[in-house]
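Here are the chains, one letter per residue:
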Amino acid sequence: MTEFSPGLIRILRAAQHIAVLTGAGVSAESGIPTFRDAQVGLWAQYRPEDLATPEAFERNPKLVWNWYAWRREIVSKVRPNPGHYALAEIQQHVAEFNLITQNVDGLHQLAGSTDVIELHGNIMRSKCSRENVVIEQWVEANETLPRCPRCGASLRPDVVWFGELLPPAAWETAAQVANSCDVFLSIGTSGLVEPAASLAHIALQHGAAVIEVNPTTTSLTSRATFALQGASGEILPHLVKAVWA
Ligand code: BV8
């Protein structure tokens, strides 16, 4: 059984407003490779940072579209893991709870979390590359890119690429939440991508207790109030039991 310090349990029990930021690590135990994991198969030769950009899409739209189609295929076959479900459960126990995610897999929603703030969009949605209108359904044609049914421009994944601005409303809310929560949980993120990585520091600055859950250390570990070293799918269900059972 994972032991937690009395101080940590006390802080979580007393918390009126908990904010959470998740990264790819929270979906790792569902079978979705993280960005730090080496890409596999056909995609082993590419770095995500080189494919998830407007320039890459401009240069080779089919390659980028196929990378996302491959990732959608993986996402459509996996299920949320105990870490996702534990976060959905915490939301039931706390007066105010905000889940902010960098992930584009929609697994938090599938696990029952509501009002999830998707900082980087959602891979299961596409949008018109010209009008940015979200298109929920499209026909995959092998040789060409699916087209917007309204204006005929090619579709693109409804995600935020490197060099693109985050959805203003999502970022506004996330920054505001980080600045007003009592406790900020940073789970399964390497903290390498901005501006998402700055949320934990905003929380620290305003005096929130910051709790990190990650099997490895990150640049946040030494500054966190508590650093729980391990997999979120293991730690979070135990934490829920220890604090709210
Ligand atoms: C922006 C969607 C303003 C797409 C993603 C130069 C020019 C322009 C911008 C920049 C620049 N230099 C820097 C920047 C900013 C840039 C950036 O941060 N770059 C990085 C590479 C340095 N950011 C941006 O461009 C952002 N926009 O800044 O706009 C602007 C605009 C123009 C010009 C200037 C400024 C947009 C960033 C969004 C990119 N889109 N995703 C897609 O998915 O295809 S980012 C993507 O990568 C994810 O969403 C996520 O954010 C990031 C990966 O990070 P993690 O989720 O943390 O995953 P990672 O694999 O890194 O780590 C996994 C962790 O889990 C590890 O720590 C591991 O130990 C842990 N783990 C493993 N197993 C488990 C576990 N933890 C718990 N349990 C386990 N079982």
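One can find the structure itself at the top, above this paragraph.
Given the structure is predicted, the values throughout are model-derived calculations rather than measurements. (Residues numbered from 1 in each chain as written. Predicted model: local features only at pLDDT ≥ 70, side-chain atom pairs only at ≥ 80, totals over all residues. Heavy atoms only, no water.)

Trainee: When you look at the sheet that holds strand β2 (residues 96–101) in this model, what are you seeing that I'm missing?
Mentor: The strands that make up a sheet pair up through hydrogen bonds in the backbone, lying either parallel or antiparallel. Spatial ordering of the open sheet is given by β3-β2-β1-β7-β8-β9, a layout of 6 strands whose pairing is parallel. The open sheet has two free edges, formed respectively by β3 (117–118) and β9 (226–229), since each of these has just one partner strand. Relative to strand β7 (residues 183–187), strand β1 (residues 17–22) is paired through 5 bridges, and the arrangement is parallel. Within β7, the position partnered with Ala 19 by the bridge is Phe 184. (Pairing = 2+ DSSP bridges. Helix = DSSP H or I, 4+ residues; strand = E, 2+ residues; numbered from the N terminus.)

Trainee: Help me understand the nonpolar core, please; the structure alone is not making it clear to me.
Mentor: General note: in soluble globular proteins, nonpolar side chains tend to be found buried as a group. Leu 12 and Ile 18 are the most contacted members of the largest nonpolar core, which has 30 residues in total. Among the elements of the structure, α1 (6–14), β1, α6 (82–93), β2, β7, β8 (209–214), β9 and α10 (232–244) are those that each provide at least two residues to this core. Per element, the largest residue contribution to this core is 7 residues, and it comes from α10. Setting aside residues no more than four positions away along its own chain, Ile 18 makes contact with Leu 12, Ile 90, Val 94, Glu 96, Phe 97, Asn 98, Val 183, Leu 185 and Trp 244. Grouped together as the second largest cluster of nonpolar side chains are 23 residues, Ile 32, Phe 57, Leu 145 and Leu 155 included. (Core = buried A, V, L, I, M, F, W, Y, C linked by side-chain atoms within 4.5 Å. Buried < 20%, exposed > 50% of the residue type's maximum accessible area, 1.4 Å probe, protein only. Contact = heavy atoms within 4.5 Å.)

Trainee: How should the state of the cysteines be read in this particular structure?
Mentor: A covalent bond between the sulfur atoms of two cysteines is referred to as a disulfide. Within this structure, the stated rule accounts for 0 disulfides. Here Cys 151 is not disulfide-linked; the sulfur of Cys 128 is the nearest cysteine sulfur, at 3.5 Å. A relative accessible area of 26% means that Cys 151 is categorised as partly exposed. (Disulfide = S-S within 2.5 Å.)

Trainee: Just checking my understanding: could you explain the site of the ligand for this structure?
Mentor: Around the ligand, a shell composed of 33 residues is seen, among which Arg 36, Tyr 68, Arg 71, Gly 163 and Ser 190 lie nearest. Here an oxygen atom of the ligand sits 2.8 Å away from a polar atom, N or O, in the side chain of His 120. Val 160 has a polar backbone atom sitting 2.7 Å from a nitrogen atom of the ligand. Protein contacts shield 75% of the accessible area of the ligand, which totals 1500 Å² for the unbound molecule. (Near = heavy atom within 4 Å. Polar contact = N/O pair within 3.5 Å; in protein donor to acceptor, adjacent residues only side chain to side chain. Areas by Shrake-Rupley, 256 points an atom, 1.4 Å probe, with all protein chains shown as cover.)

Trainee: Help me understand the pairing of β1 in this model?
Mentor: The two faces of the sheet receive side chains in turn, since in a regular strand these alternate between them. In terms of residue burial, β1 counts as a mostly covered element, since 6 of its 6 residues are buried. Along β1, one buried face is formed by His 17, Ala 19 and Leu 21 and the opposite face, lined by Ile 18, Val 20 and Thr 22, is buried too. In this structure, β1 lies alongside β2, joined through 6 bridges in parallel fashion. Opposite Leu 21, over in β2, you have Ile 100 as the bridge partner.

Trainee: Sorry if this is basic, but what is going on with the packing of aromatic side chains here?
Mentor: For any pair of aromatic rings, geometry is given as the distance between the ring centres together with the angle between the planes. Going through the model one piece at a time under the given rule, you end up with 4 aromatic pairs. Ring geometry for Trp 65 and Trp 138: centres 6.0 Å apart, planes at 75°, overall edge-to-face. Highlighted residues: Trp 65 in helix α5 (residues 61–77) and Trp 138 in the loop between β5 (134–135) and β6 (155–159), separated in sequence by 73 residues. You can call Trp 65 buried: its relative accessible area is 0%. Ring pairing ties together the aromatic residues Phe 57, Trp 67, Tyr 68 and Trp 161, which thus form one cluster. (Phe/Tyr/Trp six-rings, centres within 6.5 Å; stacked < 30°, edge-to-face > 60°.)

Trainee: I tried to follow the pattern of salt bridges on my own but got confused; where do I start?
Mentor: Two side chains that carry opposite charge are able to pair once their charged atoms sit near each other. A full pass over the atoms with the stated rule returns 8 salt bridges. For Arg 150, the salt bridge is made with Glu 131, and the minimal N-O distance between the two is 3.3 Å. One end of the pair, Arg 150, is in the loop between β5 and β6; the other, Glu 131, is in the loop between β4 (121–128) and β5, with 19 residues separating them in the sequence. Among the charged side chains, a network of salt bridges with common partners joins Arg 47, Glu 49 and Asp 50. (Salt bridge = Lys/Arg side-chain N within 4 Å of Asp/Glu carboxyl O.)

Any functional reading would require information beyond the geometric quantities listed.
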